[in-house]
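Close look at the chain arrangement
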Amino acid sequence: PAEVLLRMHSVGICGSDVHYWQHGRIGDFVVKAPMVLGHEASGTVVKVGSGVTHLKPGDRVAIEPGVPRDLDEFCRAGRYNLSPSIFFCATPPDDGNLCRFYAHSARCCYRGPKAELGPGWAEPPARGAFPCSSRSCSRASPPPCPGPIGLVCVLVAKVMGAAAVVITDLSAPRLQKAKEVGADFTVQVTKETPQEVASKVEKLLGCKPEITVECTGVEACIQAGIYATRSGGTLVLVGLGPEMVSVPMVHAAVREVDIRGIFRYCNTWPVAIALLASKRIDVTPLVTHRFPLEKALEAFETTKRGEGVKVMLKCDPSDHSP
């Protein structure tokens with residue numbers, strides 16, 4: 001009664017999808033049975049359950065992939081993303097939405113402008129990880145200053161009022177894309193130590209950044225984030241990497257650098273949709289590849305090779321438009 005049936009339109013390929021495909025696990029989330037991938041998604045409502053009143057057939061919606069199963073202490077506190085029993089698309093054992101038709105909780109489907117919703121709304125990026133990005137900024141409080149997640153963080157940071165944004169990456173083409181979407185400064189990392197990277201960031205900005213958003217999960221990047229952040233500032237960890245990493249904790253402690261985790265998203269979709277609808281941000285330049293569902297393997301191989309920025313799969317054979 002509380003669900004809608006969707007004809008799937010677009011599904012973005014996330015790094016986690018590739019990781020499950022290649023390795024069968026991410027941390028404690030282990031694939032033990034066949035699982036449908038995909039969680040950065042949009043679709044069109046085909047049918048509505050008897051209890052659904054805010055959606056109707058024909059509505060184009062973005063899909064928030066995390067649906068609370070229980071009204072536990074985390075849900076009551078407004079932090080449902082931390083609920084241990086939450087359903088989450090394409091996280092074992094829950095199936096994702098990379099398919100033709102998909103049923104989902106209506107309260108986690110959001111109407112908005114007719115656009116390629118996967119990258120824009122489903123997560124940064126144009127990770128659908130877009131709400132991840134807006135949540136990263138709001139968790140930093142005050143607003144902060146690439147892969148897809150990093151690039152969307154640039155977009156959101158600028159629209160939220162960051163005076164200057166510097167982004168670091170190994171890839172020159174991605175840094176150029178970062179400049180195109182609004183980054184004020186870029187640093188291409190080659191063989192520099194974390195301390196040297198931090199020094200370059202400080203030199204470009206004229207000071208250490210008040211907010212650092214780390215989007216890779218790579219140990220050296222976390223270290224650079226700690227070294228770069230000004231005393232009393234905030235480091236937000238968006239990227240997920242190895243379970244155990246070595247970091248200069250005393251360096252952070254004596255300078256009172258706050259280190260905050262961010263997991264998925266929570267209560268950020270309406271804001272994300274409003275930013276897109278108002279055209280205050282534009283994620284369309286981040287979509288670099290589109291494949292029909294029949295060529296999913298080719299699309300996954302493209303993502304695995306690190307080509308482009310965001311790869312989209314078009315699930316509706318009658319509508320491959322953005």
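You'll find the protein entered in an unreviewed UniProt entry as Sorbitol dehydrogenase, with Centropus bengalensis given as the organism. Turning to the protein, the UniProt record has this under Sequence similarities (unreviewed entry): "Belongs to the zinc-containing alcohol dehydrogenase family."

1. Observations concerning the environment of glutamate 210
Relative to the helices and strands, glutamate 210 resides in the loop between helix H7 (194-205) and strand E12 (211-214). Residue classification places glutamate 210 among the partly exposed residues on the basis of a relative accessible area of 40%. Here the alpha-carbon distance between glutamate 210 and glycine 232, two residues 22 residues apart in the chain, equals 7.8 Å.

2. A closer look at the sheet that holds strand E13 (residues 234-237)
Overall, parallel pairing links the 3 strands, which are arranged E12-E13-E14 in an open sheet. Both edges of this open sheet fall to E12 and strand E14 (258-261), since each of them pairs with a single strand only. For this sheet, the mean inter-axis angle between neighbouring strands, taken without regard to orientation, is 20 degrees. Looking at chain direction, E13 and E14 are connected through 4 bridges and run parallel.

3. Re the nonpolar core
Val4, Leu6, Met8, Tyr102 and Leu313 are the most contacted members of the largest nonpolar core, which has 32 residues in total. Listed by contribution, the elements that provide at least two residues to this core are strand E1 (3-12), helix H1 (15-23), strand E4 (40-48), strand E5 (60-63), helix H11 (296-304) and strand E16 (310-314). If one sorts the elements of this core by residue count, E1 sits on top with 4 residues. For methionine 8, the contacting residues outside a window of four places in its chain are Ala41, Ser42, Gly43, Ile63, Asn97, Cys99, Arg100, Phe101, Tyr102, Cys315 and Asp316. Counting residues in hydrophobic clusters, the runner-up holds 19 residues, among them Ala157, Val165, Leu175 and Val181.

4. Here's the deal with helix H5 (residues 148-159)
The end-to-end C-alpha distance of H5, which contains 12 residues, comes to 17 Å, matching closely the 16 Å that a straight helix rising 1.5 Å per residue would cover. Taken as a whole, H5 has its buried residues at Pro148, Ile149, Gly150, Leu151, Val152, Cys153, Val154, Leu155, Val156 and Ala157. Following H5 by one or two positions, glycine 161 has its phi on the positive side, about 105 degrees.

5. A few points about unusual backbone geometry
Geometrically, the link from proline 92 to proline 93 is a cis peptide bond, its omega value of 5 degrees lying close to zero. Relative to the helices and strands, proline 93 is located in the loop between strand E7 (87-88) and strand E8 (101-105). One non-glycine residue, alanine 90, lies in positive phi territory at about 65 degrees. Note that alanine 90 resides in the loop between E7 and E8.

6. Concerning the packing of H5 against helix H6 (residues 172-181)
A packed helix pair is summarised by two numbers, namely the angle formed by the two axes and the spacing between the axes. At a closest axis distance of 9 Å, the pairing of H5 and H6 adopts a crossing angle of 20 degrees. Taken together, the axes of H5 and H6 lie roughly parallel to each other. The handedness of the crossing between H5 and H6 comes out as right-handed. Of the residues in H6, those touching H5 at Pro148, Leu151, Val154 and Leu155 are Arg174, Lys177, Ala178 and Val181. Split by residue class, the contact of H5 with H6 holds 6 nonpolar, no polar and 2 charged.

7. A short note on the side chain of serine 105
Within the secondary structure, serine 105 is located in strand E8. A residue is classified by how much of its surface remains accessible, and serine 105, at 11% relative accessible area, is buried. Apart from the residues lying within four places of it in its own chain, the contact partners of serine 105 are Ala2, Glu3 and Val67.

8. Some thoughts on empty space enclosed by the protein
By volume, the largest cavity is sized at about 30 Å³. Taken together, Glu64, Gly66, Tyr80, Asn81, Ile86, Phe88, Arg264 and Tyr265 make up the full set of residues lining the largest cavity. Taken together, the residues that form the lining of the largest cavity break down as 4 nonpolar, 2 polar and 2 charged.

9. Concerning the packing of H1 against H11
In contact at an axis separation of 10 Å, H1 and H11 are set at 100 degrees when each is read in the N-to-C sense. It follows that H1 is roughly perpendicular to H11 by the angle criterion. Facing Asp17, Val18, Trp21 and Gln22 of H1, the residues of H11 in contact are Leu297, Phe300, Glu301, Thr303 and Lys304. Each residue belonging to the contact of H1 with H11 can be placed in one class, and the counts come to 4 nonpolar, 2 polar and 3 charged.

10. What about the pairing of E4?
Looking at chain direction, E1 and E4 are connected through 8 bridges and run antiparallel. Counted as the bridge partner of methionine 8 is glycine 43 from E4. With 4 bridges joining them, E4 and E5 adopt antiparallel strand pairing. Paired with glycine 43 across the strands is valine 61, a residue of E5.

11. As for H6
Since the α-helix turns once every 3.6 residues, residues separated by three or four places project in the same direction. By the burial criterion, the buried members of H6 are Arg174, Leu175, Lys177, Ala178 and Val181. Viewed end-on, H6 has its buried residues packed into an arc of 155 degrees, placing them on one side of the element. Along H6, exposed side chains directed more than 90 degrees from the buried face belong to Pro173 and Glu180. Elements that come into contact with the buried residues of H6 comprise H5, strand E10 (166-169) and strand E11 (185-188). A distance of 3.2 Å separates the backbone nitrogen of arginine 174 from a side-chain oxygen at the start of H6, and that oxygen is part of serine 171.

Rules behind the numbers
- Residues numbered from 1 in each chain as written.
- Predicted model: local features only at pLDDT ≥ 70, side-chain atom pairs only at ≥ 80, totals over all residues.
- Heavy atoms only, no water.
- UniProt positions renumbered as here; feature names shortened; annotations may be inferred.
- Helix = DSSP H or I, 4+ residues; strand = E, 2+ residues; numbered from the N terminus.
- Buried < 20%, exposed > 50% of the residue type's maximum accessible area, 1.4 Å probe, protein only.
- Pairing = 2+ DSSP bridges.
- Axes fitted to C-alpha atoms, helices over the stretch in contact; angles between N-to-C directions.
- Core = buried A, V, L, I, M, F, W, Y, C linked by side-chain atoms within 4.5 Å.
- Contact = heavy atoms within 4.5 Å.
- Expected span 1.5 Å × (residues − 1).
- Parallel < 35°, antiparallel > 145°, perpendicular 65-115°, else oblique.
- Left-handed = near helix turned anticlockwise from the far one by under 90°.
- Nonpolar A, V, L, I, M, F, W, Y, C, P; charged D, E, K, R; others polar.
- 1 Å grid on protein atoms, 1.4 Å probe; cavity = no way out; pocket = protein on both sides within 12 Å on 5 of 7 lines; lining within 4 Å.
- Points joined across faces, edges and corners; volume = space filled by probe spheres on them.
- Arc of directions from axis to C-beta.
- Polar contact = N/O pair within 3.5 Å; in protein donor to acceptor, adjacent residues only side chain to side chain.

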